[in-house]
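# Breakdown of the fold
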Amino acid sequence: AQKVTQAQTEISVVEKEDVTLDCVYETRDTTYYLFWYKQPPSGELVFLIRRNSFDEQNEISGRYSWNFQKSTSSFNFTITASQVVDSAVYFCALSIASGGSYIPTFGRGTSLIVHP
Amino acid sequence: DTAVSQTPKYLVTQMGNDKSIKCEQNLGHDTMYWYKQDSKKFLKIMFSYNNKELIINETVPNRFSPKSPDKAHLNLHINSLELGDSAVYFCASSQTRPPADGYTFGSGTRLTVV
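What comes next is a walk through the structure. Here the residue index of a chain counts from 1 through its sequence in written order. Key to labels: chains lettered from A, ligands numbered from 1, both in the order written. The predicted nature of this model means local features are confined to residues of pLDDT at least 70 and side-chain atom pairs, given and counted, to a pLDDT of 80 or more, with totals for whole chains, interfaces and linings taken over all residues. Calculation of side-chain values draws on the structure's entire complement of heavy atoms; hydrogens and water are dropped beforehand.

### Quick word on the overall build of chain B
Stated precisely, the cut-off is as follows: Elements are defined by DSSP. Helices are runs of H or I of four residues or more, strands are runs of E of two residues or more, and each kind is numbered from the N terminus. Only C-alpha atoms enter the radius of gyration, while the globule expectation follows 2.2 Å times N to the 0.38, with N the number of residues. Each residue gets one of three labels from its accessible area relative to the maximum for its type: buried under 20%, exposed over 50%, partly exposed in between, using a 1.4 Å probe on protein chains only. Contacts are assigned to residue pairs that have any heavy atoms within 4.5 Å of one another. Per-residue accessibility takes into account occlusion by the displayed protein chains alone, with areas from the Shrake-Rupley method and a 1.4 Å probe. Neither His nor the chain ends contribute to the count of charged residues, in which Lys and Arg are positive and Asp and Glu negative. Charge positions are represented by NZ for Lys, CZ for Arg, CG for Asp and CD for Glu.
Counting its secondary structure elements, chain B contains zero helices and 11 strands. The linear arrangement of helices and strands in chain B, starting from the amino end, is β-β-β-β-β-β-β-β-β-β-β. Taking 2.2 N^0.38 as the reference for a compact globule, 114 residues should give roughly 13 Å; the C-alpha atoms of chain B span a radius of gyration of 13 Å, in line with that estimate. For the C-alpha atoms alone, the extent of chain B along its principal axes is close to 40 × 30 × 30 Å. Sorting the 114 residues of chain B into buried and exposed places 45% on the buried side. Of the contacts made within chain B by residues no fewer than 6 positions apart, 55% connect residues no fewer than 24 positions apart. Here chain B has roughly 5,800 Å² of accessible surface; of this, 49% comes from carbon and sulfur atoms. Distance from the positive charge centre (13 side chains) to the negative charge centre (11 side chains) of chain B: 4 Å.

Below, the structure written as structure tokens:
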């Protein structure tokens, strides 16, 4: 069975603060894929990043960075110098092979509120 | 061009009715999914389907059924709607192989059962 835990239900910050969203996953598979999605108030789900289990390199994309640590089964997401437009619900997801399909399991999401 | 499109965007209906939500993807993906997002934002997989296999989440009532006329479409039929079915339903698609580009979601259908 696979599981994703996002322990932070809601985070509130003031603009320009850095914020880290935590994601802890559980799986017995050695090959798996991790994702982050953003759901702004408009409701759509926007893909941010994919990381596979055999690539532990961290990644930076503009103000966004991701820290993948297999030793702690974590895939945390940091937003540097947060902006009001970053306000959204952020989902971490885990995908493993099931037959021929890869069905993602989502965490319960972290609601990020960035105040001006 | 919309990659994954769902219709309708909003659906209000009475208890006991039967309704369908349509989903189409133009990405050439092999696999399509239906997710239910409840009022607390929890995303729960309902179905996963490709041309070989339908995987059903065992917790989904059999009032819900996916119908796929072809690889680019996966419609969701719901019979005898109940108040608890009110939610946002998302269609998604991906390549069957490890999804390098992640899962592409439609914009969602907000279903309200009154």
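### Description of the state of the cysteines
Between two cysteines, a covalent bond joining their sulfur atoms is known as a disulfide. All names here are of chain A. Where we set the bar: In this description, the term disulfide denotes a pair of cysteine sulfurs within 2.5 Å.
Under the counting rule described, the total for this entry stands at two disulfides over all chains. Each sulfur in the disulfide pair Cys23 and Cys92 lies 1.9 Å from the other. Judged by the sign of its S-S torsion, about -65 degrees, the bond between Cys23 and Cys92 is left-handed. With Cys23 in the loop between strand S3 (19–21) and strand S4 (24–26) and Cys92 in strand S10 (residues 88–98), this pair connects stretches of sequence that are 69 residues apart. Since its relative accessible area comes to 0%, Cys23 is described here as buried.

Treat this as a map of the structure, not an account of what it does.
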